[in-house]
Structure formats: C-alpha cells, structure tokens
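Here are the chains, one letter per residue:
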Amino acid sequence: MTAARTTSADRPQPGLRERKKIKTRQAIRTATYALIEEQGYDATTVEQIAERAEVSPSTVFRYFPTKEDIVITDEWDPVMLAEVRARPEDESWADTLRHVMRTALDLSLAEEPEVTRLRTRLGVEVPAVRARTMESMAATGRLLREALAERSGLDPDGLELRVFAMSVMGGLMEVSHYWAETGHRDDIRVLVDRALDVLEHGLPAGKP
C-alpha cells in the first residue's frame, strides 16, 4: 500500500492575512541577511533590521524572539514533513529521507543560494547562532519523529525513534558545518547522501 501523493496544488493555499505575515517575515529576513553581509553579524542590530525592513522593532520581535532566530528560521519544515507523509509506506526510511532532503535543498538552493551559504557560515562562526540552531534542530527532530511514527506505527516518544530522529538531525548539522568549513566547495546534496549512507550502513571500512 502506498500513501497518496500530494502536490503544491493539492495543499491549502494561505489566505490574505497569512500571506501578509509571510511577506513581513521575509522582509525582516532579507533585511537581516543584507545587513550582515554589509557589516557583520555582531554589528547588526534589531533596530537597524527594523529600519531596513520598514517595520518597528516590536514587529521584528513578534516574528522572531531573537536575532539568531531571524538567521536560522526558514520555511522548509512544513515542506519536508509534507514530503515525508506523501512517500510510499513501503519505501525504506533512507530513501524517504534522501528524497525529502533533496527536495528541500533543491528548493532552498534555487530560491536563495547565497542565503543558504551565509546561514551555514554563521552557524560555524557565531556561537549564539550555532547554539540556537541546535535548539531548532531538536524541535525539527520532534516533528520528524511524529511523521515517521505515522508511517512506522512506532511510538513517537519511544527511545528508538528518538535516537533515530536526533541522529538524523545531528548528521545534518555536521553536514552543514562541514560544508561551510570547506568553503561550500562540494555539492551539499552529495554530502547529505554521504551522511545518510553512514546512518544506514555505518562507518566505511578503514585502512587495513
């Protein structure tokens, strides 16, 4: 048995109020990335971000509790979860995750490649961003547990699924760090595939 496939046309489209929220959130993110590129992360203030985005500082904080949240927040979690739920039920978890990650990365790199690179670089260079990223990935891991539990019938709060989901999240964080530390030299999609290979098969054989 396979799960029904969904497309973007099948998914509910946001209403006017939600579209305005998305537009404001995007304006704040765009302003933040531009300022960071111009003057660095530490020199960029919420007041400057608000002025550049043409909103009030209180509006910035209403959408993003901290400056770090502006940097790390994106729109891909709902996309990834929808893709997990749309995959065939008899597909291996590794193939499902490969498909889901490629979908999210293709969208991200197509729409905002420089932002994707900047975010990963800040995750390496700025301790506060790195710490907040870890918290955010823990939350994403909980969402992943729920989606995988729906397919597998396992307890989303059970140890096995918790270990698995956070192993995936930890692996993705290391991919992000490696990609930034090596100057974004490699194709990140290939790096994600390599990370999933490690999770699926274990470490490659070492030298004899």
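Residues numbered from 1 in each chain as written. Predicted model: local features only at pLDDT ≥ 70, side-chain atom pairs only at ≥ 80, totals over all residues. Heavy atoms only, no water.

*Asks:* Residue-level account of the overall build of the protein chain, with values.
*Replies:* What the protein chain contains, in helices and strands, is 10 helices and zero strands. Sequence-ordered secondary structure for the protein chain, helices as α and strands as β, is α-α-α-α-α-α-α-α-α-α. Taking 17 Å as the expected radius of gyration for a compact globule of 208 residues, we find that the protein chain reaches 18 Å, a close match to that expectation. Dimensions along the principal axes, computed over C-alpha positions, put the protein chain at roughly 50 × 50 × 30 Å. (Helix = DSSP H or I, 4+ residues; strand = E, 2+ residues; numbered from the N terminus. Rg over C-alpha atoms; globule rule 2.2 N^0.38 Å.)

*Asks:* Pulling in residues and values, what's your account of helix α5 (residues 76-86)?
*Replies:* One turn of an α-helix holds 3.6 residues; hence residues three or four places apart share an orientation. Considered for burial, the residues of α5 that qualify are Trp76, Val79, Met80, Leu81, Glu83, Val84 and Ala86. Buried residues along α5 sit in contact with α6 (93-111) and α8 (127-152). (Buried < 20%, exposed > 50% of the residue type's maximum accessible area, 1.4 Å probe, protein only. Contact = heavy atoms within 4.5 Å.)

*Asks:* Outline the packing of aromatic side chains, supporting the account with residue identities and numerical values.
*Replies:* Evaluation of the coordinates by the stated rule reveals one aromatic pair. Summarising the aromatic geometry, the rings of Trp93 and Phe164 are spaced 4.7 Å apart at their centres and angled 80° between planes, so their arrangement reads as edge-to-face. Of this pair, Trp93 sits in helix α6 while Phe164 sits in helix α9 (residues 159-181); the two residues are 71 residues apart in sequence, bridging distant segments of the chain. Since its relative accessible area comes to 30%, Trp93 is described here as partly exposed. Taking NZ or CZ as reference, Lys67 lies 4.1 Å from the ring centre of Tyr41, over its face. (Phe/Tyr/Trp six-rings, centres within 6.5 Å; stacked < 30°, edge-to-face > 60°. Lys NZ or Arg CZ within 6 Å of the ring centre and 35° of its normal.)

*Asks:* Tell me about the nonpolar core, and name the residues and values.
*Replies:* Among the nonpolar cores identified, the biggest contains 29 residues, and Leu144, Leu172, Ile188 and Val192 are the most heavily contacted of them. Breaking this core down by element, the ones donating at least two residues are α5, α6, α8, α9 and α10 (188-201). Per-element tally for this core: the top contributor is α9, with eight residues. Once residues within four sequence positions are removed from consideration, Leu144 is found in contact with Leu81, Leu97, Ala165, Val168 and Met169. (Core = buried A, V, L, I, M, F, W, Y, C linked by side-chain atoms within 4.5 Å.)

*Asks:* Kindly report on the environment of Arg145, identifying the contributing residues and their values.
*Replies:* Counting through the fold element by element, Arg145 comes out in helix α8. The exposure class of Arg145 is buried, given its relative accessible area of 10%. Note: C-alpha distance between Arg145 and Leu122 (23 residues apart in sequence) is 27 Å. Residues contacting Arg145, with those up to four places away along its chain left out, are Pro156, Asp157, Leu161, Arg162 and Ala165. In this structure the side chain of Arg145 is engaged in a polar contact, spanning 2.7 Å, whose partner is the backbone oxygen of Pro156. (Polar contact = N/O pair within 3.5 Å; in protein donor to acceptor, adjacent residues only side chain to side chain.)

*Asks:* Go over the layout of surface pockets with me, naming the residues and quoting the values.
*Replies:* Gaps left between atoms show up when a probe the size of a water molecule is rolled over them. Roughly 830 Å³ of internal volume is contained in the largest pocket. The wall of the largest pocket is formed by 33 residues, among which Ile72, Asp74, Arg119, Thr133 and Met137 lie closest to the centre. Elements that contribute at least two residues to the lining of the largest pocket include exactly α4 (67-72), α5, α6, α7 (113-125), α8, α9 and α10. Residues belonging to the lining of the largest pocket are distributed by class as follows: 18 nonpolar, 10 polar and five charged. (1 Å grid on protein atoms, 1.4 Å probe; cavity = no way out; pocket = protein on both sides within 12 Å on 5 of 7 lines; lining within 4 Å. Points joined across faces, edges and corners; volume = space filled by probe spheres on them. Nonpolar A, V, L, I, M, F, W, Y, C, P; charged D, E, K, R; others polar.)

*Asks:* Give a description of the pattern of salt bridges that names residues and reports values.
*Replies:* Considering all chains together, one arrives at 17 salt bridges under this definition. The shortest N-O distance in the salt bridge between Arg117 and Glu114 comes to 4.0 Å. Note that Arg117 and Glu114 are positioned in helix α7 at a spacing of three residues, about one turn of the helix. Salt bridges sharing partners connect three or more residues here, namely Asp95, Arg98, Arg102, Asp193, Asp197 and Glu200. (Salt bridge = Lys/Arg side-chain N within 4 Å of Asp/Glu carboxyl O.)

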